[in-house]
Amino acid sequence: MSVKFIFVLVFRQLALSLMIEIPESTTIAWQAETILTGKKISKVVQATSPHSFTWYNGDPKEYSKLLTGRTIESAIEHGAYVTLHCDNDTHIAISDGVNMKYYSSSEPHPKKHQLLIEFEDKNFLAFTVSMYGGIQAFKGELDNPYYQGSLTKLSPLDESFDVAFFDQLFSSTKKDLSIKALLATEQRIPGLGNGVLQDILFLSGLHPKRKISTLTDLEKSDLFHCLKVTLKNMTDKGGRDTEKDFYGNKGGYKCILSKNTYKQLCPNCGGDIAKEAYLGGTVYYCSGCQKL
């Protein structure tokens, strides 16, 4: 198998994965808490389709012992994570790449899953992974730096994520970083990834490869405004139309730039939309509206 074929396969699979970012984690957590609070876990079913890039906390064969009999108390979002909190200080966390879908008792179990949790009322959750992702059940604290970082760092949806905080992000990094590198790498802003970044940069008129040292004060101000407003808009509409929610439905926010729209013309100038690989992901931009 050639290296080129492997990369093509990887990118195709990545396109099928659920990319949980801030709008999706917020939506899924709200939906999960609304329907799951008070439900007791009666059964845990191991993976019917083992997946090499599904990351568990310890041995997933121990999940049944850990989770059976536990009651869901709440669900929270933090960055690209959604955590279901149960009684007895027990928790289930999913990360970017995991599809956690809720089914009614009348529906059949999916043939392939990486974990399935059934409740006393026979309704159930199925966890599936296409490309990669973490399904981590644990008691107490999860010793994972990405998980802990997502709990402690500010979300752009928080009022405390203000201009002063945004300026600090710029001043605390190297000036030769690109805008994408600053905003969507190194977990500086957990849950702000390559997916939501496309529309943020398009609406602010900035190229993803633009060096942060070249931005004027006005451009930084526009970027801050677009980041806050766009993420809130995406979240208020239940996530992006390129992703799915807790019930398997697509989000209500229609992405301007995405895998679904890049072959269309730019809605601003009518020019072509460019697509290229950059910093571990695909970026879309209008070379006319977002000049480098």
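Residues numbered from 1 in each chain as written. Predicted model: local features only at pLDDT ≥ 70, side-chain atom pairs only at ≥ 80, totals over all residues. Heavy atoms only, no water.

Visitor: Tell me about unusual backbone geometry, and please be specific about residues and values.
Guide: Phi is positive for K122, close to 75°, though the residue is something other than glycine. Note on placement: K122 falls in the loop between β7 (115–119) and β8 (124–129). Looking at K122, the relative accessible area reads 49%, which means it is partly exposed. Even without being a glycine, E186 presents a positive backbone phi close to 65°. Along the chain, the position of E186 falls in the loop between α6 (179–184) and α7 (194–204). (Helix = DSSP H or I, 4+ residues; strand = E, 2+ residues; numbered from the N terminus. Buried < 20%, exposed > 50% of the residue type's maximum accessible area, 1.4 Å probe, protein only.)

Visitor: Would you mind going over the confidence of the model for the protein chain in detail, with residue names and values included?
Guide: Mean pLDDT for the protein chain: 93, with 94% of residues reaching 70 or above. Scored below 50 in pLDDT, residues 1–16 makes nine contacts in the model with residues more than four places away or belonging to other chains. (pLDDT = per-residue confidence, 0-100. Contact = heavy atoms within 4.5 Å.)

Visitor: Account for the pattern of salt bridges, naming residues and giving values.
Guide: What the rule picks out here adds up to nine salt bridges. Between K220 and D167 there is a salt bridge, with the nearest N and O atoms lying 3.8 Å from each other. One end of the pair, K220, is in helix α8 (residues 217–236); the other, D167, is in helix α5 (residues 163–171), with 53 residues separating them in the sequence. Judged by its relative accessible area of 18%, K220 is buried. Judged by its relative accessible area of 33%, D167 falls in the partly exposed class. Here E219 makes a salt bridge to R210, at a shortest N to O gap of 2.9 Å. You can call E219 partly exposed: its relative accessible area is 22%. One connected set of salt bridges, linked through shared partners, spans E21, E24 and R240. (Salt bridge = Lys/Arg side-chain N within 4 Å of Asp/Glu carboxyl O.)

Visitor: Describe in detail the pairing of strand β10 (residues 273–278), supporting the description with residues and values.
Guide: Two strands pair when backbone bridges link them, and β10 and strand β11 (residues 281–286) are joined in this way by six bridges, in the antiparallel orientation. Directly across from K275, in β11, lies its bridge partner Y284. Counting the residues between successive antiparallel strands, the hairpin from β10 to β11 contains two residues, one of them, L279, with a positive phi of roughly 55°. (Pairing = 2+ DSSP bridges.)

Visitor: Before we move on, could you go through the sheet that holds β7 and cite the residues and values that matter?
Guide: Across the sheet, which stays open at both edges, the four strands sit in the order β1-β7-β8-β6 with antiparallel pairing between neighbours. Bordering the open sheet on either side are β1 (41–45) and β6 (98–103), each of which pairs with just one other strand. Taking the axes of each pair of neighbouring strands and ignoring which way they run, one obtains an average angle of 15° across the sheet. Pairing of β1 with β7, which is carried by four bridges, proceeds in the antiparallel orientation. Within β7, the position partnered with V44 by the bridge is I117. (Axes fitted to C-alpha atoms, helices over the stretch in contact; angles between N-to-C directions.)

Visitor: Pulling in residues and values, what's your account of the packing of aromatic side chains?
Guide: How two aromatic rings sit relative to each other is given by the distance of their centres and the angle of their planes. One pass over the structure, following the stated rule, counts 13 aromatic pairs. Residues F161 and F165 carry aromatic rings whose centres are separated by 4.9 Å and whose planes lie at 55° to one another, so their mutual orientation is tilted. Of the residues examined, F165 reaches a relative accessible area of 22% and is grouped as partly exposed. Linked through ring pairs, F161, F165, F166, F170 and F224 together constitute an aromatic cluster. K209 extends its terminal NZ or CZ atom over the ring of Y278, reaching a point 5.2 Å from the ring centre. Sitting over the face of the ring of F170, K220 holds its NZ or CZ atom 4.6 Å from the ring centroid. (Phe/Tyr/Trp six-rings, centres within 6.5 Å; stacked < 30°, edge-to-face > 60°. Lys NZ or Arg CZ within 6 Å of the ring centre and 35° of its normal.)

Visitor: I'd like to hear about the nonpolar core, residue by residue, with values.
Guide: The nonpolar side chains of soluble globular proteins are, as a tendency, buried together. Ranked by size, the top nonpolar core spans 29 residues in total, and within it L36, L84, M100, L125 and F127 carry the most contacts. Top contributing element to this core by residue count: helix α2 (residues 22–36), with four residues. Dropping the residues within four chain positions of it, M100 is found in contact with I28, V82, L84, I94, L125, A126, F127 and F246. (Core = buried A, V, L, I, M, F, W, Y, C linked by side-chain atoms within 4.5 Å.)

Visitor: Explain the environment of K65 to me, using residue names and the numbers behind them.
Guide: Checked against the element boundaries, K65 lands in helix α3 (residues 63–67). The class for K65 is exposed, based on a relative accessible area of 72%. Measuring from C-alpha to C-alpha, the distance between K65 and V82 comes to 22 Å, with 17 residues separating the pair along the chain.

Visitor: Break down the side chain of Q136 for me, citing the residues and quoting the values.
Guide: Of note, Q136 is situated in strand β9 (residues 133–139). Classification of Q136 as buried rests on a relative accessible area of 10%.

Visitor: Describe α5, listing the residues and the values that go with them.
Guide: Regarding α5, the residues found buried are F166, L169 and F170. For α5, the angular spread of buried residues about the axis comes to 100°, placing them on one side. Residues of α5 that are exposed and point more than 90 degrees away from the buried face comprise A164 and S171. Elements in contact with the buried residues of α5: α6 and α8. (Arc of directions from axis to C-beta.)

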